[in-house]
Amino acid sequence: MSNAWQEDVQAAVAAGIRISDQHIVDKVRRAVLTQRLPPGTRLPEVTLGEVFGVSRSVVRKALTRLAADHVIDQRPNQVARVRAPSIEETRETFAARRLVEGEVVALLAGQLDDAAQLALEQEAQREIEAHRRGVEPARIEHSLALHHRLAELSPNRVLGAMLTDLILRTSIVIALYKRPSLASCYLDGDHPRLLAQLRAGEPERAREVVDEHLRALENLLDLGPRETETDLMAILGRPSPAEA
């Protein structure tokens, strides 16, 4: 696991740069998306304040925003936790994403300019290279970047916003239900096949590829309960001397 972003937090604190609630939101969200913070992880205000070097009021603002984005669960008089969706919600999330992303790619098929198409293809290639190197966090980030770019390019802005939300929700359930024996949820060739249909201007085939991709991804999951204890300082805070 790379410590680059942990070092970024440390450097910012050491330099006296003001860490805002947005900074915390971005870091926690990215840690969830890249499966560094598993669902169910406790997020105590005191610990987060120590990690980021900020007051509890700043932490509370960040947690409120993360709860509004469905990244965490926050209940009165309880420690916030990274969301742990139920099996039923997981299936509903995948079903909704198949519908929304299928429509988005159908709208985009044959409509992308050369620069946008090339950028997507380069992102897919970066994912392939990260997988070949065995760098799973980078592989996840490139996969997410590709799907988020599709959402941004959507000619229907409402569908694009819905897809952005569903990408996050899907990433959370993958972090929760990925089979322990499975090193990666990488599906070889799926993204290049999708992008080939976009370039060819085949809306229905693009929709079908998305459906197949998301069903295959869902089938990789072990839809059973998970228990986890996570060291927040190790993930969000300063690297240990051994890691530095």
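Rules and cut-offs
- Residues numbered from 1 in each chain as written.
- Predicted model: local features only at pLDDT ≥ 70, side-chain atom pairs only at ≥ 80, totals over all residues.
- Heavy atoms only, no water.
- Axes fitted to C-alpha atoms, helices over the stretch in contact; angles between N-to-C directions.
- Helix = DSSP H or I, 4+ residues; strand = E, 2+ residues; numbered from the N terminus.
- Parallel < 35°, antiparallel > 145°, perpendicular 65-115°, else oblique.
- Left-handed = near helix turned anticlockwise from the far one by under 90°.
- Contact = heavy atoms within 4.5 Å.
- Nonpolar A, V, L, I, M, F, W, Y, C, P; charged D, E, K, R; others polar.
- Buried < 20%, exposed > 50% of the residue type's maximum accessible area, 1.4 Å probe, protein only.
- Polar contact = N/O pair within 3.5 Å; in protein donor to acceptor, adjacent residues only side chain to side chain.

Axis separation between helix α7 (residues 136–153) and helix α8 (residues 157–177) bottoms out at 8 Å; the angle between their running directions is 160 degrees. Between α7 and α8, the angle falls in the class roughly antiparallel. Here the hand of the crossing between α7 and α8 comes out right-handed. Where α7 approaches α8, its residues L144, H147, H148 and A151 are matched on the opposing element by G160, L163, T164, I167 and S171. Considering only residue class, the contact of α7 with α8 consists of four nonpolar, five polar and no charged.

Within the secondary structure, R193 is located in helix α9 (residues 190–200). The partly exposed category is assigned to R193, whose relative accessible area is 41%. Placed 17 residues apart in sequence, R193 and V210 show a C-alpha to C-alpha distance of 9.5 Å.

The interhelical angle for the contact between helix α6 (residues 114–133) and α9, taken along N-to-C directions, is 170 degrees, at an axis separation of 10 Å. When the axis of α6 is compared with that of α9, the two are roughly antiparallel. Between α6 and α9, the residues in contact are Q117, L118, L120, E121, A124, E127 and I128 and H191, P192, L195, L198 and R199, respectively.

The next subject is the side chain of S171. Within the secondary structure layout, S171 lies in helix α8. Using a relative accessible area of 6% as the deciding quantity, one classes S171 as buried. Of the polar contacts made by the side chain of S171, one reaches the backbone oxygen of I167; its length is 2.9 Å. For S171, the contacting residues outside a window of four places in its chain are L33 and L144.

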